[in-house]
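Spelled out, the chains give:
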Amino acid sequence: MSAQAASSSAFETITVSDAKVACDGNAAEGLGHPRVYLDLTAHGEIVCPYCSRTYKLAEGAKIGHH
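The text that follows walks through the structure, step by step, so that each part is easy to find. (Residues numbered from 1 in each chain as written. Predicted model: local features only at pLDDT ≥ 70, side-chain atom pairs only at ≥ 80, totals over all residues. Heavy atoms only, no water.)

### Structural notes on the overall build of the chain
Cut-off, in case you're wondering: Working definition: helices are DSSP H or I runs of at least four residues, strands are E runs of at least two. Numbering for both runs from the N terminus. The classification of residues rests on relative accessible area computed with a 1.4 Å probe and restricted to protein chains. Under 20% of the type maximum is buried, over 50% is exposed, and intermediate values are partly exposed. We call two residues in contact whenever any of their non-hydrogen atoms come within 4.5 Å of each other. Note on areas: Shrake-Rupley with a 1.4 Å probe; residue coverage comes only from the protein chains shown.
Helix and strand counts for the chain come out as 0 helices and 6 strands. N-terminal to C-terminal, the α/β element order of the chain is β-β-β-β-β-β. Evaluated residue by residue, the chain yields a buried proportion of 26% over its 66 residues. Here the analysis covers contacts within the chain between residues at least 6 apart in sequence; of these, 31% occur between residues at least 24 apart. As presented, the chain carries roughly 4600 Å² of accessible surface, and 51% of it is formed by carbon and sulfur atoms.

As structure tokens, then:
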């Protein structure tokens, strides 16, 4: 998954190229939460229910396999 972090308000916004992402709240740095799988298919963006990171689908990214 390619992700580019950009700062927005108080929470991090991550632009992704895939419509399905996994979020663990940065568990590698010891600040994580249980891994959840999020689907951006419906609206092109979604907010993690644990850490409030916003995942946004990159402009021009294709949803699905068509």
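### As for the nonpolar core
What counts here: Take the buried residues of types Ala, Val, Leu, Ile, Met, Phe, Trp, Tyr and Cys, join any two whose side-chain atoms come within 4.5 Å, and each joined set is a nonpolar core.
Counting 10 residues, the largest nonpolar core is built from Ile14, Val16, Val21, Cys23, Val36, Leu38, Leu40, Cys48, Tyr55 and Leu57. Among the secondary structure elements, those contributing two or more residues to this core are β2 (12–16), β3 (20–23), β4 (36–39) and β6 (54–57). In contact with Cys23, not counting residues within four places along its chain, are His33, Pro34, Arg35, Val36, Leu38, Cys48, Cys51, Arg53 and Tyr55.

### What to know about the environment of Glu45
By secondary structure assignment, the location of Glu45 is in strand β5 (residues 45–47). When its relative accessible area of 41% is taken as the criterion, Glu45 is described as partly exposed. Sequence spacing of Glu45 and Lys56 is 11 residues, and the spatial spacing of their C-alpha atoms is 4.2 Å. Leaving out residues up to four positions away in the same chain, Glu45 has contacts with Leu40, Thr54, Tyr55 and Lys56.

### Quick look at unusual backbone geometry
Backbone geometry at Asn26 places phi at a positive 70 degrees, although glycine is not the residue there. Along the polypeptide, Asn26 turns up in the loop between β3 and β4. Residue classification places Asn26 among the partly exposed positions, given a relative accessible area of 25%.

### A closer look at the pairing of β6
This is how the line gets drawn: Strand pairing requires that DSSP identify at least two bridges connecting the strands.
In this structure, β2 lies alongside β6, joined through 4 bridges in parallel fashion. Across the sheet, Thr15 pairs through a bridge with Lys56, a residue of β6. Of the strand pairs in this sheet, β5 and β6 are connected by 3 bridges, and their pairing is antiparallel. Note that in β6 the partner of Val47 across the bridge is Thr54. Here β5 folds back onto β6, and the loop between the two strands holds 6 residues, one of which, Ser52, carries a positive phi near 65 degrees.

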